[in-house]
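A closer look at the structure
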Amino acid sequence: KLTHNSAVPAAEISLNGSVSEETGAPQAILNVSKANGVTNGLFTVNYSPDILKFEKGSICAGFEGTIAEINETTPGEIKIAFVNNEGLSAAGDFIKLDFSAVSTGTATLDVRADELLSVSEQGKITEFSADSDSCIITAAAPEKALISVSGTSLPVGGGSDITIAIPEKTGATNGIFT
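Procedures and definitions
- Residues numbered from 1 in each chain as written.
- Predicted model: local features only at pLDDT ≥ 70, side-chain atom pairs only at ≥ 80, totals over all residues.
- Heavy atoms only, no water.
- Pairing = 2+ DSSP bridges.
- Helix = DSSP H or I, 4+ residues; strand = E, 2+ residues; numbered from the N terminus.
- Axes fitted to C-alpha atoms, helices over the stretch in contact; angles between N-to-C directions.
- pLDDT = per-residue confidence, 0-100.
- Phe/Tyr/Trp six-rings, centres within 6.5 Å; stacked < 30°, edge-to-face > 60°.
- Buried < 20%, exposed > 50% of the residue type's maximum accessible area, 1.4 Å probe, protein only.
- Salt bridge = Lys/Arg side-chain N within 4 Å of Asp/Glu carboxyl O.

1. A closer look at the sheet that holds strand E3 (residues 26–33)
The strand order E2-E3-E8-E5 describes an open sheet built from four strands, whose pairing is antiparallel. Both outer strands of the open sheet, strand E2 (12–19) and strand E5 (52–59), are each paired with one neighbouring strand and no more. Adjacent strand axes in the sheet meet at a mean angle of 20°, parallel and antiparallel pairs treated alike. Where E2 lies against E3, eight bridges are found, and the strand directions are antiparallel. Each bridged residue has a counterpart across the sheet, and for serine 18 the counterpart in E3 is glutamine 27.

Right under this line is the structure:
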């Protein structure tokens, strides 16, 4: 028999945006605190798909035993569903979201907790509340190189050279490929 606890403890969530020092790519970190005992939950993160592209999400260190599904449901919306049978016992950086820049600009990301529950072994359900949060990421789209191929037709069968001219501002050099 499941019973519902009417007292609603307040968990805290926050979202911090930055540019990765390792890759230079935009990223956001979902942080949780005051969520001890939460066994499962669902978060929604909304972002600007005209500036950012979601690449992947992962669980941060310190949340061992947590299983998460992190999926983009539509461009601009990520759903994070998680379960931890023992209940969360840590606080801090929980989920890392990696993005790439589609265009240069400032993107606002919003997170909300759609559901945070604790289910005890005795079947007692405790629902946690949490305020939503947002952050801003300034993204810079990578500069694209233009490649021009000389010649209008190439014979099949090899033996022909293809010259590719790469603009100097990319830092690459011209080359001949056979």
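2. A short note on the pairing of strand E4 (residues 40–46)
In this structure, E4 lies alongside strand E7 (residues 77–83), joined through seven bridges in antiparallel fashion. Within E7, the position partnered with phenylalanine 43 by the bridge is isoleucine 80. Pairing analysis gives seven bridges linking E4 to strand E9 (residues 105–119), with the strands arranged antiparallel. When the sheet's bridge partners are listed, phenylalanine 43 is paired in E9 with alanine 113.

3. As for the confidence of the model for the protein chain
The share of residues in the protein chain with pLDDT of 70 or more is 76%, and the mean pLDDT across the chain is 84. Mean pLDDT values for the elements of the protein chain range from 49 in strand E1 (residues 3–5) up to 98 in E7.

4. Remarks on unusual backbone geometry
In this structure, lysine 34 takes a positive phi of about 55° despite not being glycine. Here lysine 34 shows up in the loop between E3 and E4.

5. What to know about the packing of aromatic side chains
Scanning the entire structure with this criterion turns up six aromatic pairs. Judged by centre distance (5.9 Å) and plane angle (15°), the rings of phenylalanine 43 and phenylalanine 82 are stacked. Of the two residues, phenylalanine 43 is situated in strand E4 and phenylalanine 82 in strand E7; the sequence distance between them amounts to 39 residues. When the ring of phenylalanine 43 is compared with that of phenylalanine 94, the centres are 6.5 Å apart and the planes differ by 70°; the resulting orientation is edge-to-face. Of this pair, phenylalanine 43 sits in strand E4 while phenylalanine 94 sits in strand E8 (residues 92–101), and the two are 51 residues apart along the sequence. Under the relative-accessibility criterion, phenylalanine 43 is labelled buried at 1%. Here a set of aromatic residues connected by ring pairs shows up, and it is made of Phe43, Phe63, Phe82 and Phe94.

6. Topic: the pattern of salt bridges
This model, assessed by the stated rule, comprises four salt bridges. Here aspartate 114 ties to lysine 79 by a salt bridge, and the two come within 3.6 Å at their closest N and O atoms. Taken as a pair, aspartate 114 in strand E9 and lysine 79 in strand E7 lie far apart in primary sequence, 35 residues in all. Looking at lysine 79, the relative accessible area reads 24%, which means it is partly exposed. The partner of aspartate 98 in a salt bridge is lysine 96, with the nearest N and O atoms 3.5 Å apart. Judged by relative accessible area, which is 26%, lysine 96 ranks as partly exposed. Salt bridges sharing common partners tie together Lys79, Arg112 and Asp114.

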